[in-house]
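# Results of the structural survey
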Amino acid sequence: MRIAQVAPLYESVPPRTYGGTERVVSYLTEELVELGHDVTLFASGDSVTKAELVPCCAQALRLGPKNTDATAQHMLLLEKVMQRADEFDVVHFHVDYLHFPLSRRQQLTQLTTLHGRLDLPDLAAVYSEFNDMPVVSISDAQREPLPQARWTATVHHGLPRSLHRAGTGAGGYFAFLGRVSPEKRLDRAVAVAKALGVPLKVAAKIDPADVSYYEREIKHLLDDPLVEFIGEIGDADKTEFLGNARALLFPIDWPEPFGLVMIEAMACGTPTIAFRRGSVTEIIEDGVSGFIVDDVDSAIRAAARTGELDRRTCRAAFDKRFAATRMAKNYVALYENLRKANRLGQGHRASEVAA
């Protein structure tokens, strides 16, 4: 099958350090190539792939000049896709709703995976208007704010089986991996670690929008001798960072669409202490790959019990549910269904014209 993958331009594919959407696009693209499909990736020019790469800007926008117009760059990205749209059996977008007016008018065989939160007020009108655009959720919880959208499936993210190996947790510390932001609640992770007297290692990025929050709410917490701030890390460092951890702390305070770090930890055999928000109950099997909690007190109690969980069982849960091969095959099934529906639709239109 001839498949186009259309990635956002904010990070390279895969990202050098932090980055969720572009990382998943990379895993999917490479797995589709391994399955024998002809894949073209529209992404930033510093991306690395076995597929055909169509560079749509010189480098990832987050790493480029500060005055770059992201809207202009993504408009050019869409123009490149549309110029070549007839070459593909299906075009798979990962740029939210940006392409909807063009795709509707071009009558592309296409679908869109939505990677972000969907409870923002302005989105309801967009997905009501464009309820003919097929969209995929990355968790069932993610789609709850937009029942009017044309949901075709939920496809959980997956990672290459060989990307991480199970660790022993020999470092004895708790890990926090992600962003320093109000919704990620690093302050809760610090509270759990301090309550148990366990070291906490923090591998996280600070977006410009979150600097004031960091300065006001978080910076002073990092002065504690139990807390070590590492900064951003990439895939190459995650096996050691997560595999040596006693547990991953995932104390979120928002409707998490998926939470890639949970399955990264699972692949390292590391259990997750996760707050019951968004996708958490779909990803973590309570008592198998971690514990699901409702507040800081229950998180402290659960974190004290992580030794009860078998790390081999945790890794086995990853292998069973979250391998990239499973993700790619689920998407291929969707592509085939879309092609069939499109052919049927064209047949109906042809018969109507003939009549």
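In case you missed it, the structure is sitting above this.
What counts, and at which threshold
Within each chain, residues carry numbers counting from 1 in the order of the written sequence. Local features in this predicted model are restricted to residues whose pLDDT is 70 or higher, and side-chain atom pairs enter the listing and the counts only when it is 80 or higher, whereas totals over whole chains, interfaces and linings include all residues. Working from all heavy atoms in the structure, the side-chain values ignore hydrogens and water. Every helix listed is a DSSP run of H or I at least four residues long, and every strand listed is a run of E at least two residues long, numbered separately from the N terminus. We call two residues in contact when some of their heavy atoms are within 4.5 Å. Only protein chains enter the accessibility calculation, which uses a 1.4 Å probe; a residue whose area is less than 20% of its type maximum is buried, one above 50% is exposed, and one in between is partly exposed. Note that the arc is defined by the directions from the helix axis to the C-beta atoms. The definition of a polar contact used here is a pair of N or O atoms within 3.5 Å, where within protein one atom must be able to donate a hydrogen and the other to accept one, and adjacent residues in sequence count solely through side-chain atom pairs. Remark: nonpolar core denotes a set of buried residues (Ala, Val, Leu, Ile, Met, Phe, Trp, Tyr, Cys) joined through side-chain atoms within 4.5 Å. The term salt bridge refers to a side-chain nitrogen of Lys or Arg lying within 4 Å of a carboxyl oxygen of Asp or Glu. Two strands pair under a simple rule: DSSP has to find at least two bridges between them. Axis definition: a line fit to C-alpha positions, over the contact stretch in the case of helices; interaxial angles, taken between N-to-C directions, run 0 to 180 degrees.

### Focus on the side chain of His74
When you line up the elements, His74 lands in helix α2 (residues 70–83). Sequence-distant contacts of His74, that is, excluding residues within four places in its chain, are made with Pro8, Leu9, Tyr10, Leu61, Val95 and Leu98.

### Some thoughts on helix α11 (residues 311–321)
Of the residues making up α11, those classed as buried are Arg311, Cys314, Arg315, Ala317 and Phe318. In an axial view of α11, the angular spread of the buried residues amounts to 150 degrees, which keeps them on one side of the axis. In α11, the exposed positions angled more than 90 degrees off the buried face are occupied by Arg312 and Lys320. Here the buried face of α11 lies against α7 (235–243), β11 (245–250) and α8 (260–267). Between a side-chain oxygen at the N-terminus of α11 and the backbone nitrogen of Arg312 the separation is 3.0 Å; the capping residue is Asp310.

### Focus on the nonpolar core
Residues Phe174, Leu186, Leu200, Met266, Ile273 and Tyr335 are the most contacted members of the largest nonpolar core, which totals 82 residues. In terms of residue count, the dominant contributor to this core is helix α12 (residues 324–354) (eight residues). Leaving out residues up to four positions away in the same chain, Leu186 has contacts with Phe176, Val180, Leu200, Val202, Ile218 and Leu222. Counting residues in hydrophobic clusters, the runner-up holds 18 residues, among them Ala4, Leu77, Leu78 and Met82.

### With respect to the side chain of Thr113
For Thr113, the position within the fold is in strand β5 (residues 110–113). Separated by 2.8 Å, the side chains of Thr113 and His92 make a polar contact. A polar contact of 2.9 Å, which involves the side chain of Thr113, links it to the side chain of Tyr331.

### Here's the deal with the pattern of salt bridges
Per the counting criterion, the structure on display carries 31 salt bridges. The partner of Arg185 in a salt bridge is Asp253, and the shortest N-O contact between them spans 3.2 Å. Taken as a pair, Arg185 in the loop between β8 (173–179) and α5 (186–196) and Asp253 in the loop between β11 and α8 lie far apart in primary sequence, 68 residues in all. Overall, Asp253 belongs to the partly exposed group, its relative accessible area being 35%. For the salt bridge of Asp207 with Lys205, the shortest nitrogen-to-oxygen distance reads 2.8 Å.

### Looking at unusual backbone geometry
Note that the residue after Val13, namely Pro14, is joined by a cis bond; omega there is -5 degrees. Here Pro14 shows up in the loop between β1 (2–6) and α1 (21–34). Phi is positive for Asp96, close to 60 degrees, though the residue is something other than glycine. Position of Asp96 relative to the elements: it lies in the loop between β4 (90–93) and α3 (100–106). Using a relative accessible area of 35% as the deciding quantity, one classes Asp96 as partly exposed. Unusually for a residue other than glycine, Arg185 sits at a positive phi of about 55 degrees.

### Concerning the sheet that holds strand β12 (residues 272–275)
Read across the sheet, six strands follow the order β10-β9-β8-β11-β12-β13 without closing on themselves; strand pairing throughout is parallel. The open sheet has two edge strands, β10 (227–229) and β13 (290–293), and neither has a second partner. Mean inter-strand twist for the sheet, computed between neighbouring axes without regard to direction, equals 20 degrees. Sheet topology places β12 next to β13; four bridges connect them, and they run parallel. Across the sheet, the residue bridging to Phe275 is Val293, located in β13.

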